[in-house]
Amino acid sequence: MLRVVFMGTPDFSVPTLAAIAGAGHDIVAVYTQPPRPAGRGMAERPSPVHTHAEALGLPVLCPRNFKDAADRQAFAAHGADVAVVVAYGLILPQAVLDAPRHGCLNLHASALPRWRGAAPIQRAVMAGDSMTAAAIMRMEAGLDTGPVCLSVPVAIGPETTAGELHDVLAAEGAAAMVEALARIEAGTLACVPQPVEGVTYASKISKEETRIDFALAAAHVHNHIRGLSPVPGAWFEVTVEGRPERVRVLRAKVVAGSGEPGRVIAAPLTIACGTGAVAILEAQRAGKRPMPVEEMMRGFALGPGARVNA
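Parameters at a glance
- Residues numbered from 1 in each chain as written.
- Predicted model: local features only at pLDDT ≥ 70, side-chain atom pairs only at ≥ 80, totals over all residues.
- Heavy atoms only, no water.
- Core = buried A, V, L, I, M, F, W, Y, C linked by side-chain atoms within 4.5 Å.
- Buried < 20%, exposed > 50% of the residue type's maximum accessible area, 1.4 Å probe, protein only.
- Helix = DSSP H or I, 4+ residues; strand = E, 2+ residues; numbered from the N terminus.
- Pairing = 2+ DSSP bridges.
- Polar contact = N/O pair within 3.5 Å; in protein donor to acceptor, adjacent residues only side chain to side chain.
- Contact = heavy atoms within 4.5 Å.
- Axes fitted to C-alpha atoms, helices over the stretch in contact; angles between N-to-C directions.
- Parallel < 35°, antiparallel > 145°, perpendicular 65-115°, else oblique.
- Left-handed = near helix turned anticlockwise from the far one by under 90°.
- Nonpolar A, V, L, I, M, F, W, Y, C, P; charged D, E, K, R; others polar.
- Disulfide = S-S within 2.5 Å.

1. Structural notes on the nonpolar core
Then, number 1: Formed by 39 residues in total, the largest nonpolar core has its most connected members in Phe6 and Leu105.
Then, number 2: It is helix H6 (residues 162-186) that provides the largest number of residues to this core, a total of 9 residues.
Then, number 3: Counting residues in hydrophobic clusters, the runner-up holds 30 residues, among them Ala218, Val264, Met291 and Val308.

2. Observations concerning the pairing of strand S13 (residues 243-255)
Then, number 1: Here strand S12 (residues 234-240) runs beside S13; their pairing, made up of 7 bridges, is antiparallel. In the sheet register, Thr239 faces S13, and the bridge partner there is Pro244.
Then, number 2: Where S12 folds back onto S13 in an antiparallel hairpin, the turn is made up of 2 residues, including Glu241, whose phi is positive at roughly 50 degrees.
Then, number 3: Here S13 pairs with strand S16 (residues 277-285) via 8 bridges, running antiparallel. By the bridge assignment, Ala252 is partnered in S16 with Ile280.

3. Description of the sheet that holds strand S7 (residues 104-108)
Then, number 1: The mixed open sheet is built from 7 strands, whose spatial order is S5-S2-S1-S6-S7-S9-S10. Looking along the sheet, the strands with just one partner apiece sit at the ends: strand S5 (60-61) and strand S10 (148-155).
Then, number 2: Direction of pairing for S7 relative to strand S9 (residues 131-138): antiparallel, over a ladder of 4 bridges. Across the sheet, the residue bridging to Leu107 is Ile136, located in S9.

4. A few points about the side chain of Gln284
Then, number 1: Tracing the sequence through the fold places Gln284 in strand S16.
Then, number 2: Given the relative accessible area of 16%, Gln284 is considered buried.
Then, number 3: Within polar-contact distance, the side chain of Gln284 engages the side chain of Arg248 at 2.2 Å.
Then, number 4: Of note is the side chain of Gln284, whose polar atom sits 2.7 Å from the backbone oxygen of Lys288.
Then, number 5: With sequence-adjacent residues up to four places away left out, Gln284 is seen in contact with Arg246, Val247, Arg248, Arg289, Pro290 and Met296.

5. Looking at the environment of Ala38
Then, number 1: You can see Ala38 is positioned in strand S3 (residues 36-38).
Then, number 2: The residues touching Ala38, leaving out its near neighbours within four places in the chain, are Ala43 and Arg45.

6. Quick notes on the side chain of Ser47
Then, number 1: Mapped onto the secondary structure, Ser47 falls in the loop between strand S4 (43-45) and helix H2 (48-55).
Then, number 2: A distance of 2.7 Å separates polar atoms of two side chains, one belonging to Ser47 and the other to Thr32.
Then, number 3: Sequence-distant contacts of Ser47, defined by excluding residues within four places in its chain, comprise Thr9, Thr32 and Gln33.

7. Some remarks on the packing of helix H1 (residues 14-22) against H2
Then, number 1: Between H1 and H2, whose axes approach to 9 Å, the crossing angle comes to 20 degrees. Taken together, the axes of H1 and H2 are roughly parallel relative to one another. Viewed along their axes, H1 and H2 form a crossing whose handedness is right-handed. Each of Val14, Leu17 and Ala18 in H1 lies in contact with H2, whose residues at this interface are Pro48, Val49, His52 and Ala53.
Then, number 2: Per-class residue counts for the contact of H1 with H2 are 6 nonpolar, 1 polar and no charged.

8. Focus on helix H7 (residues 218-227)
Then, number 1: Counting buried residues in H7 gives 8 out of 10 residues, a clear majority hidden from the surface.
Then, number 2: For H7, the full list of buried residues reads Ala218, Val221, His222, Asn223, His224, Ile225, Arg226 and Gly227.
Then, number 3: Of the surrounding elements, those touching the buried residues of H7 are helix H5 (120-126), H6, S12, S13 and S16.

9. Here's the deal with the state of the cysteines
Then, number 1: The tally for this structure, following the rule as stated, stands at 1 disulfide.
Then, number 2: Put simply, Cys149 and Cys191 are joined by a disulfide, and their sulfur atoms are 2.0 Å apart. On the S-S bond that ties Cys149 to Cys191, the torsion sits near 90 degrees, and the link is right-handed. Pair noted here: Cys149 is in strand S10 and Cys191 is in the loop between H6 and strand S11 (201-202), with a separation of 42 residues, a long-range link.

Structure representation (structure tokens):
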């Protein structure tokens, strides 16, 4: 049994926290981002990790950063064997990285060194990758540059969305982290430096790039849609009663067809691209729930000949 400090924030982190607890390790502290305003009332809401840690009866700490020496000293005082970091959301200073006896292990959702950075799941799908991985890395000062200790390959199907891949990687990563901790206990954890070839960076998704560009090839548009599904969601704009309205697209497929890019060429909602076309399968109008396109199109004047993003 190891003394573990866990550091994570979103839903992706929760399976690893649960798996470590289930494996019987002594989780001496859980670090997560402070509660943030959320929802219509903008009330402060604790992170998913915060909520799960409290349900397990674990102590939770929410420093805004580690610039204060007192926060760094408090971290060192846990006397941890290892820190486990999963999408925590803060850059850790060297003093924190060095504090645990076996350092800090990070679960990263890509086949490192491909897709280092903030959005590896979305970028892999948007790029049309057919494979990725749940990688356990020993952390160092660089951005996802540390040696890789375990890497579990995960296939990306041609219709897989980022949301679906997120869930698979979270589960595979949790199991891999438990295995890594077992190897630390056994003294057999070996970590291999990342190759210098094949480095790519998964930059954060910007608001500007979520808009669908139908001038691109249909395969690119399809990957863009599934790579941003369900959040933040790719979208196009239409004019309804003289006012612009955004429509979020959650699922689509590539189909045969041609026409002016952005033009609806077939019912219920097939839209021409620069090459080929995409048939929208699931979408969401403003203020509505996500729904199959046939249901969404009832009473929606967006038939063949209509233009989107005009």
